[in-house]
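The residues making up each chain are set out below.
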Amino acid sequence: MNKNTRLGVDHKMLNAMALTGVIGWVLLVVPDLHFLYKHLIPALGSAKYLAFLIMGIAMFLCLPILLIRKIFNRLIPASCESLIERLMMGLACVLSILLSRSFM
């Protein structure tokens, strides 16, 4: 697999995980959906731990990283893949965790 194909697959995977993160945030924020989520998750059995892990990675890592990357690509293309962008990605991940704790 050449580098361009691999980067395309990685980009699609990051987009899919970010979409999963958006769904996770909607489930966390909307009270009616959160209620359904709490009652339907036991149906997964022991796979619920894997679902929690995937949703956590999607909500707290992939979504903030993708948002910061898109913001930097659109607004500050000269600073893409710089130290400032990486620091902003880390800050966005921490803020998403702190924000989610306020909803719980």
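Use the structure listed above.
For the structure given in this document, a descriptive report is provided here.

About the thresholds
Residues numbered from 1 in each chain as written. Predicted model: local features only at pLDDT ≥ 70, side-chain atom pairs only at ≥ 80, totals over all residues. Heavy atoms only, no water. Disulfide = S-S within 2.5 Å. Buried < 20%, exposed > 50% of the residue type's maximum accessible area, 1.4 Å probe, protein only. Helix = DSSP H or I, 4+ residues; strand = E, 2+ residues; numbered from the N terminus. Axes fitted to C-alpha atoms, helices over the stretch in contact; angles between N-to-C directions. Parallel < 35°, antiparallel > 145°, perpendicular 65-115°, else oblique. Left-handed = near helix turned anticlockwise from the far one by under 90°. Contact = heavy atoms within 4.5 Å. Nonpolar A, V, L, I, M, F, W, Y, C, P; charged D, E, K, R; others polar. Expected span 1.5 Å × (residues − 1). Bend = angle between axes of the 7 residues up to and from the residue.

As used in these notes, a disulfide is a covalent bond between sulfur atoms, one from each of two cysteines. On inspection of all chains with the given rule, the structure shows zero disulfides. Lacking any disulfide linkage, Cys 80 is separated from the closest cysteine sulfur, that of Cys 93, by 17 Å. For Cys 93, which is in no disulfide, the shortest distance to another cysteine sulfur is to Cys 62 and amounts to 8.7 Å. Take Cys 93: its relative accessible area is 11%, and that puts it in the buried class.

It is worth spelling out unusual backbone geometry at this point. The backbone of Glu 81 shows a phi angle near 60°, a positive value even though the residue is not glycine. Inspection of the secondary structure assignment puts Glu 81 in the loop between helix H3 (48-75) and helix H4 (83-103).

Right, let's talk about the packing of H3 against H4 for a bit. At a closest axis distance of 8 Å, the pairing of H3 and H4 adopts a crossing angle of 135°. Classified by the angle their axes make, H3 and H4 are oblique. Remark: the crossing between H3 and H4 carries right-handed chirality. On H4, the residues that touch Met 59, Phe 60, Leu 61, Pro 64, Ile 65, Ile 68, Arg 69 and Phe 72 of H3 are Ile 84, Glu 85, Met 88, Met 89, Ala 92, Cys 93, Ser 96, Ile 97 and Ser 100. Its residues assigned to classes, the contact of H3 with H4 shows 13 nonpolar, two polar and two charged.

Here H3 spans 39 Å end to end across 28 residues, near enough to the 40 Å set by a 1.5 Å rise per residue. Of all the bends in H3, the largest measures some 35° and sits at Ala 58. Residues of H3 that are buried: Met 55, Gly 56, Ala 58, Met 59, Phe 60, Cys 62, Leu 63, Pro 64, Leu 66, Ile 68 and Phe 72.

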